[in-house]
Amino acid sequence: MIGIKDLYSVLTAVVPLYVTMFLAYGSVKWWKVFTPEQCAGINRFVAIFAVPLLSFEFVSRINPYKMDLLFLAADGVSKVLILFALLCWANFTKRGGLDWSITVFSLSTLPNTLVMGIPLLKSMYGDDKEYLMIQVVVLQCIIWYTLLLFLFEYRETRTEVLSKFKESSVSSKNCCSEDEVINVIATTSSNQQQQQQQTAQNANKIAPDQSQRFRPMVAASMEGEGKELHLFIWRCGCCISTDGTSTTCEKQSVQAGQREESSSTAKGVESVKQENVENASIPSSFSPSMLLKILRKVWLKLVRNPNSYSSLLGLSWALVSCRWDIKKPQIMENSVTILSSAGLGMAMFSLGLFMALQPRIIACGKKLALYGMVARFIAGPAVMAIASIAVGLKGTTLKLSIVQAALPQGIVPFVFSREYNLHPDVLSTAVIFGMIVSLPITIVYYIVLGI
């Protein structure tokens, strides 16, 4: 059972993070120490240097030859199930999308095991279970953070390709003839033209003797920016001589009408041409060759990002070190730890800076904050319980797997979300309020599972 001493050990790990976060918040909100550009630079430093070195340092210290494969399988199966469900939701439903799939995956599968999980679950289930938490952190760094980074890069590259399609369509809009655009206009406005014809027929029925006095020359209907423009030029019978030739009044009327028609038609054609060509040029799905180019570009970005291979380098060193009992040189050790030890603190500092730049504490709003809490503390543990039972976990290990899934939101996913500007408000709210409510929620899970 959790005692006062255990609770104090958890607080000693959590309170310094809040102190760092509030210092960052005050430095922007009250003391005006940092500008928004400087805040973005700090987050960039955390994402490119602090987090990769922290991952390398942590992974390089484990013993890969003594891993609980069944426990890791349960963790992996739960994340795969959630990812599969989100991908189906994104591809086969109208409300689904890649952006929210990435965010929900971060919320439901990536807890803060390193900071809160190890001291809290160690006090709940004993010192011998600490190594299981370390294994979960290692698996997060090696597989799931790398996968998350791939999804962020794929989304960014896909957005760039779509924007280039749109730009190319704007620059090449003159390739379509005016006749084609006018045909599109005529097709989309067929209902309006039918109404005009019906109106003309009604007018002929009401005044048949006036049908020769008023005859339409041009009836053009154009849709531009949601507005309808109807242009009618009429010949009046008094302007037509008895021998069929046009009088001066008619000629002036026709010339003025032609100028108005030409100007209005040119504007309408230009507007409709741009809108229709842009929409036609943006593909609903990519061809295999285009998808291959996108993946190649994503690969080149991942190679340049140290987050994608820092954990693999750490795992490689751990395999060599544990196999042949080789220790890192002291110079290498100190060079890594001087920045890696500041990784979590700088991540929380970046979180505080982001909070200060928002107009309100709950940056994403109450509704999204509630959805985030549901994904973090209900959906994630529920899927983890199903996966753990499915792979055959029992006893204390089963309880531990479920409780660790109910830990607060991880800090690293927030760093990535802010770096790629994808719902950082949702992730920041999940981190802040998750750390506040996670302790009582985790204790509730512990009590319920212990009964």
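Numbering of residues begins from 1 in every chain and follows the order in which that chain's sequence is written. Local features are withheld for residues below a pLDDT of 70 in this predicted model, meaning they are given only at 70 or higher, and side-chain atom pairs are given and counted only at 80 or more; totals for whole chains, interfaces and linings count all residues. Heavy atoms throughout the structure, all of them, feed into the side-chain values; hydrogens and water do not.

Can you break down the overall build of the protein chain residue by residue, with the values?
We count a stretch as a helix when DSSP gives it H or I for four or more residues in a row; a strand needs E for two or more, and each element gets its number in order from the N terminus. What the protein chain contains, in helices and strands, is 17 helices and 2 strands. Throughout this description, buried means an accessible area under 20% of the type-specific maximum (1.4 Å probe, protein chains only), exposed means over 50%, and partly exposed covers the range between. For the protein chain, the proportion of its 451 residues judged to be buried stands at 43%. Contact criterion: two residues are considered in contact whenever any of their non-hydrogen atoms come within 4.5 Å of each other. Within the protein chain, residue pairs in contact and separated by at least 24 positions form 81% of the contacts whose partners lie at least 6 positions apart.

Tell me about unusual backbone geometry, and name the residues and values.
Located in the positive-phi region is Asp 325, a residue other than glycine, with phi close to 55°. Among the secondary structure elements, Asp 325 is positioned in the loop between α11 (310-324) and α12 (330-340). Owing to a relative accessible area of 65%, Asp 325 belongs among the exposed residues under this scheme. For His 423, which is not glycine, the phi dihedral falls at a positive 50°. Examined against the element boundaries, His 423 turns out to sit in the loop between α16 (411-419) and α17 (424-450).

I'd like a description of the packing of helix α1 (residues 4-29) against helix α13 (residues 343-357), backed by residues and values.
One can describe the packing of α1 onto α13 by two numbers: an axis separation of 7 Å at closest approach and a directional angle of 40°. Judged by the inter-axis angle, α1 sits oblique to α13. Relative to α13, α1 is oriented so that their crossing is right-handed. Residue-level contacts link Leu 17, Thr 20, Met 21, Leu 23, Ala 24, Tyr 25, Ser 27, Val 28 and Lys 29 of α1 to Leu 344, Gly 345, Met 348, Phe 349, Leu 351, Gly 352, Leu 353, Met 355, Ala 356 and Leu 357 of α13. Convention adopted: a line fitted to C-alpha atoms gives each axis, helices being fitted over their contacting stretch, and angles between N-to-C directions are expressed from 0 to 180 degrees. An angle below 35 degrees is treated as roughly parallel, one above 145 as roughly antiparallel, one from 65 to 115 as roughly perpendicular, and anything else as oblique. Note on convention: the crossing is left-handed when the near helix lies turned anticlockwise from the far helix by less than a right angle, right-handed when the turn is clockwise.

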